[in-house]
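So you can see what is in the structure, the chains are spelled out below.
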Amino acid sequence: MATRKPAEDAAEQPNAAVVSTREYSGGAGWDVGQSAPEDAFRALDSAGTGEQVGPVVHVHPGGYARQIVAKGGLITEGVKKELEAGDKSAEGEQG
């Protein structure tokens, strides 16, 4: 009968209960904690005040623009707030 050496084997094996949080992302999406599925930009006004205008777009709109988040970037509270401000701006232009 073969003898086992559990103490030596256990020392070499990683603890299955300890998992790095970097291994599990929140997925791709526009919610806080997720990775942005696309780039997001907003145009800046042409008067030079730096005011963001218009909706959030996913391709650089040309002229002056601010990139809110790059594809794969983390969606933070600040990014989410800017995305929502762009959505509200777009609603105001339509209505």
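Structure's up top.
Overview of the structure. Since the structure is predicted, the reported quantities are computational estimates derived from the model, not experimental observations.

Concerning the overall build of the protein chain
And step 1. When you go through the protein chain residue by residue, the secondary structure sums to two helices and three strands.
And step 2. Ordered by position in the sequence, the α and β elements of the protein chain form the string α-β-β-β-α.
And step 3. For the protein chain, the proportion of its 95 residues judged to be buried stands at 18%.
And step 4. By sequence separation, contacts in the protein chain at least 24 residues apart represent 50% of the contacts at least 6 residues apart.
And step 5. When the accessible surface of the protein chain is summed, it comes to about 7,200 Å², and 52% of that surface belongs to carbon and sulfur atoms.

Let's talk about the sheet that holds strand β1 (residues 40-44)
And step 1. Taken together, the three strands give an open sheet; going across it, the order is β2-β1-β3, and neighbouring strands pair in antiparallel fashion. One side of each edge strand has no neighbouring strand; the edge strands of this open sheet are β2 (52-57) and β3 (65-69). Going from strand to strand, the sheet's axes swing by 25° on average, the running direction of each strand aside.
And step 2. Pairing of β1 with β2, which is carried by three bridges, proceeds in the antiparallel orientation. Bridging from a neighbouring strand, Leu-44 pairs with Gln-52 of β2.

Focus on the side chain of Asp-45
And step 1. With respect to the helices and strands, Asp-45 occurs in the loop between β1 and β2.
And step 2. Of the side chains with opposite charge, Arg-42 comes closest to the buried, unpaired Asp-45, at an N-O distance of 11 Å.
And step 3. A polar atom in the side chain of Asp-45 sits 3.2 Å from the backbone nitrogen of Gly-50.

A look at the pattern of salt bridges
And step 1. Evaluation of the coordinates by the stated rule reveals two salt bridges.
And step 2. Salt-bridge contacts for Asp-31 lead to Lys-80; the nearest nitrogen and oxygen are separated by 3.6 Å. You can see Asp-31 sitting in the loop between α1 (6-12) and β1 and its partner Lys-80 sitting in helix α2 (residues 77-94), a full 49 residues away along the chain.
And step 3. Note that Arg-66 is salt-bridged to Glu-82, the shortest N-O span being 2.5 Å.

Notes on the nonpolar core
And step 1. In this structure, Ala-36, Ala-40, Val-56, Ile-68, Val-69, Ile-75, Val-79 and Leu-83 together form the largest nonpolar core, which totals eight residues.
And step 2. Going through the elements one at a time, β3 and α2 are the ones with two or more residues in this core.
And step 3. Here Ala-40 is in contact with Trp-30, Val-56, Val-57, His-58, Arg-66, Gln-67, Ile-68, Val-69 and Leu-83, once residues within four sequence places are set aside.

With respect to the pairing of β1
And step 1. Strand direction decides the pairing type here: β1 and β3, joined by four bridges, are antiparallel. Bridge pairing in β3 places Phe-41 opposite Gln-67.

Conventions and cut-offs
Residues numbered from 1 in each chain as written. Predicted model: local features only at pLDDT ≥ 70, side-chain atom pairs only at ≥ 80, totals over all residues. Heavy atoms only, no water. Helix = DSSP H or I, 4+ residues; strand = E, 2+ residues; numbered from the N terminus. Buried < 20%, exposed > 50% of the residue type's maximum accessible area, 1.4 Å probe, protein only. Contact = heavy atoms within 4.5 Å. Areas by Shrake-Rupley, 256 points an atom, 1.4 Å probe, with all protein chains shown as cover. Pairing = 2+ DSSP bridges. Axes fitted to C-alpha atoms, helices over the stretch in contact; angles between N-to-C directions. Lys, Arg positive; Asp, Glu negative; His and termini not counted. Salt bridge = Lys/Arg side-chain N within 4 Å of Asp/Glu carboxyl O. Polar contact = N/O pair within 3.5 Å; in protein donor to acceptor, adjacent residues only side chain to side chain. Core = buried A, V, L, I, M, F, W, Y, C linked by side-chain atoms within 4.5 Å.

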